[in-house]
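Each chain is listed here by its residues.
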Amino acid sequence: QVQLVESGGGLVQPGGSLNLSCVCSRNIFSAYDEAWYRQAPGKERELVAKITSAGSMTYGDSVKGRFTISRDLAKNTIYLHMNNLKPDDTAVYYCNVDRGVVGWDYWGQGIQVTVSA
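To start, this report covers the structure provided alongside it. In this text the structure is predicted, and so the values were computed from the model without any measurement.

Conventions used here
- Residues numbered from 1 in each chain as written.
- Predicted model: local features only at pLDDT ≥ 70, side-chain atom pairs only at ≥ 80, totals over all residues.
- Heavy atoms only, no water.
- Salt bridge = Lys/Arg side-chain N within 4 Å of Asp/Glu carboxyl O.
- Helix = DSSP H or I, 4+ residues; strand = E, 2+ residues; numbered from the N terminus.
- Core = buried A, V, L, I, M, F, W, Y, C linked by side-chain atoms within 4.5 Å.
- Buried < 20%, exposed > 50% of the residue type's maximum accessible area, 1.4 Å probe, protein only.
- Contact = heavy atoms within 4.5 Å.

Examining the pattern of salt bridges
- Throughout the structure, instances matching the rule amount to six salt bridges.
- Among the ionic pairs, Lys 50 bridges to Asp 33, the shortest N-O distance being 3.8 Å. Of this pair, Lys 50 sits in strand β5 (residues 46-51) while Asp 33 is found in strand β4 (residues 33-39), placing the two residues 17 residues apart along the sequence.
- Its salt-bridge partner being Arg 66, residue Asp 89 comes within 2.8 Å of it at the nearest N-O pair. Note that Asp 89 is positioned in the loop between β8 (77-82) and β9 (91-98) and Arg 66 in the loop between β6 (57-59) and β7 (67-72), a separation of 23 residues in sequence.

As for the nonpolar core
- Residues Trp 36, Leu 80, Met 82 and Tyr 93 are the most contacted members of the largest nonpolar core, which totals 28 residues.
- Among the secondary structure elements, those contributing two or more residues to this core are β3 (18-24), β5, β7, β8, β9 and β11 (111-115).
- In contact with Leu 80, not counting residues within four places along its chain, are Leu 18, Asn 19, Leu 20, Trp 36, Val 48, Ala 49, Phe 67, Thr 68, Ile 69 and Tyr 93.

Shown next as structure tokens:
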């Protein structure tokens, strides 16, 4: 079985930065697309950033220019660098591996990011 483990969340002040990591128990990232999603209380899950198996990156409109997704295939790890954080960025962030079929994705357990003064 594949497991995804996120780390790096916590509390940060507005304008600050955080770096999230997601480690996979198997070397599968090169075969699939990976992404970070987030979900705030009372809101729907939202795509934050995505990196394809070919290395192309896309971002949600609300984080463009502030967040950066990257991947280290040798370490089976994807990263999310978050800069100039805003209170609206407060959410649980989830690591995702898209297997190409609805309902077949791998998901991490989620990690809390709180942006508050």
